[in-house]
Amino acid sequence: ETRMAARIAQQVGCPLVNLWLGQDGYDYPLTADFVGQRGYLTENIRTVASEFPELRFALEYKPKEPRIFSFQARAADTLLMAMETELDNVGVCIDVGHSFVAGENVAEAAVMLQHYGKRLFHMHFNDNYRSWDDDMIVGSVHMTEYFELLYWLKETGYDGWYSMDQYPYREDGGAAVGESVAFLRTVEALLTDERRREMSELIQSGDATRTTRWMRELLFSQIKSL
C-alpha cells in the first residue's frame, strides 16, 4: 500500500507521502517484541523510502488508537526511527491533536524535529481537550499554545504545508475548516516582526506573569477598559 501511494504521488506530482502507521503497536503486556518489531518497521520504511528518493515520507505519530500502544507514539521516538533509517527523505508529521493527547508541548516537539536535521516535514492542524483525538476546530481550545507553535514554526524556518485534519461530526464541514484557516491566518497576521521580537524577549525572561499579560493585552486590545 505504501508503494502504491508513492507511485500515485509520483504520477500526480505530489512531493510528500504521509504515513500514519496506526496498526503498528500492541495492546497487552508480553505480546510485543519491542526490539524486533520496531526493527522490522524501520527496515520497511527504509526500503520504501530508498526506492523513491525524490519523495519525502512523513511519519505521523499518535500515542494510541487503534492500538493501545503505538510504536510511533511521540515526536521523540518517531524522530529516532526516522533518523535510524539513515535517509534524508524520511521525517515526521506533527498532528497537533495527536501531540496534545501525547502530553507534549507541541511547540517544543516542532523545535526538536527542526533542530535535528530539519525533520519536520508536514503539519496537521486541529484541536482537542488532550484526552482524545477529537479533531476540533483549530484554536477552539488551545489558543495560546497555537500562538507559541506558529511563532516557533517561523523561527525554525518550517516551510512545509499547513494541512487541516478535522472531523466535524455536527458542525458544517466547510464552515469548520474555514474557521480553522481563518484562525491560523489571523495568528500569522498578528505575528509581525515586532511582535516576534517581543515574544523572543518574553521567552528569554521566563516570566510567566509578563507573558500572560502580553497575551491578554494582545487578545483584548480592542477593549478600552475592563
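What this report covers is the structure whose coordinates are included nearby.

## Thoughts on helix H6 (residues 143-155)
Turning to step 1, where the next piece is worked out: Compared with an ideal rise of 1.5 Å per residue, which puts 13 residues at 18 Å, H6 spans 19 Å between its outermost C-alpha atoms and is within 8% of the ideal.
Turning to step 2, where the next piece is worked out: Every buried residue belonging to H6 is among Tyr146, Phe147, Leu149, Leu150, Tyr151 and Leu153, and all of these are buried.
Turning to step 3, where the next piece is worked out: One or two residues past the end of H6 sits Gly157, with phi positive at roughly 75°.

## Some words on the pattern of salt bridges
Turning to step 1, where the next piece is worked out: Under the defined criterion, the tally for this structure stands at nine salt bridges.
Turning to step 2, where the next piece is worked out: Residues Asp77 and Arg74 are paired through a salt bridge, measuring 2.9 Å at the closest nitrogen-oxygen approach.
Turning to step 3, where the next piece is worked out: By relative accessible area, which is 13% here, Asp77 ends up buried.
Turning to step 4, where the next piece is worked out: The salt bridge involving Asp193 is made with Arg196; its shortest N-O contact spans 3.6 Å. Placement of both Asp193 and Arg196 in helix H8 (residues 193-205) is noted, with a separation of three residues, approximately one turn of the helix.

## Looking at the pairing of strand E5 (residues 90-95)
Turning to step 1, where the next piece is worked out: Judged by how many residues are buried, E5 sits mostly within the fold: six of six residues are covered.
Turning to step 2, where the next piece is worked out: With four bridges connecting them, strand E3 (residues 56-60) and E5 associate as parallel partners. The residue of E5 that forms the bridge with Ala58 is Gly91.

## Side note on a nonpolar patch on the surface
Turning to step 1, where the next piece is worked out: The grouping of Met4, Ile8 and Val12 at the surface amounts to a nonpolar patch, some 310 Å² of accessible area in total.
Turning to step 2, where the next piece is worked out: Structurally, the position occupied by Met4 is in helix H1 (residues 2-12).
Turning to step 3, where the next piece is worked out: Look at Met4 and you get exposed, because its relative accessible area is 54%.

## Overview of the packing of aromatic side chains
Turning to step 1, where the next piece is worked out: Per the stated rule, a full pass over the model turns up nine aromatic pairs.
Turning to step 2, where the next piece is worked out: Judged by centre distance (6.0 Å) and plane angle (35°), the rings of Phe125 and Tyr146 are tilted. Of the two residues, Phe125 sits in strand E6 (residues 120-125) while Tyr146 sits in helix H6, which places them 21 residues apart along the sequence.
Turning to step 3, where the next piece is worked out: Exposure remark for Phe125: the relative accessible area of 0% places this residue in the buried category.
Turning to step 4, where the next piece is worked out: A connected cluster of aromatic rings, assembled from ring pairs, spans Phe125, Tyr146, Tyr158, Tyr162 and Phe183.

## Considerations on the nonpolar core
Turning to step 1, where the next piece is worked out: Membership of the largest hydrophobic core comes to 50 residues, with the highest contact counts inside it found for Phe57, Ile94, Val96, Met123, Phe125, Tyr146 and Leu149.
Turning to step 2, where the next piece is worked out: Of the residues forming this core, the biggest block, six residues, is contributed by H6.
Turning to step 3, where the next piece is worked out: What Phe57 contacts, discounting residues up to four positions off in sequence, is Thr2, Ala6, Val17, Leu19, Val48, Ala49, Phe52, Asn89, Val90, Gly91 and Phe121.

Calculation notes
- Residues numbered from 1 in each chain as written.
- Predicted model: local features only at pLDDT ≥ 70, side-chain atom pairs only at ≥ 80, totals over all residues.
- Heavy atoms only, no water.
- Helix = DSSP H or I, 4+ residues; strand = E, 2+ residues; numbered from the N terminus.
- Expected span 1.5 Å × (residues − 1).
- Buried < 20%, exposed > 50% of the residue type's maximum accessible area, 1.4 Å probe, protein only.
- Salt bridge = Lys/Arg side-chain N within 4 Å of Asp/Glu carboxyl O.
- Pairing = 2+ DSSP bridges.
- Patch = residues over 30% accessible without salt bridge, like charges linked within 9 Å, V, L, I, M, F, W, Y side chains within 5 Å.
- Areas by Shrake-Rupley, 256 points an atom, 1.4 Å probe, with all protein chains shown as cover.
- Phe/Tyr/Trp six-rings, centres within 6.5 Å; stacked < 30°, edge-to-face > 60°.
- Core = buried A, V, L, I, M, F, W, Y, C linked by side-chain atoms within 4.5 Å.
- Contact = heavy atoms within 4.5 Å.

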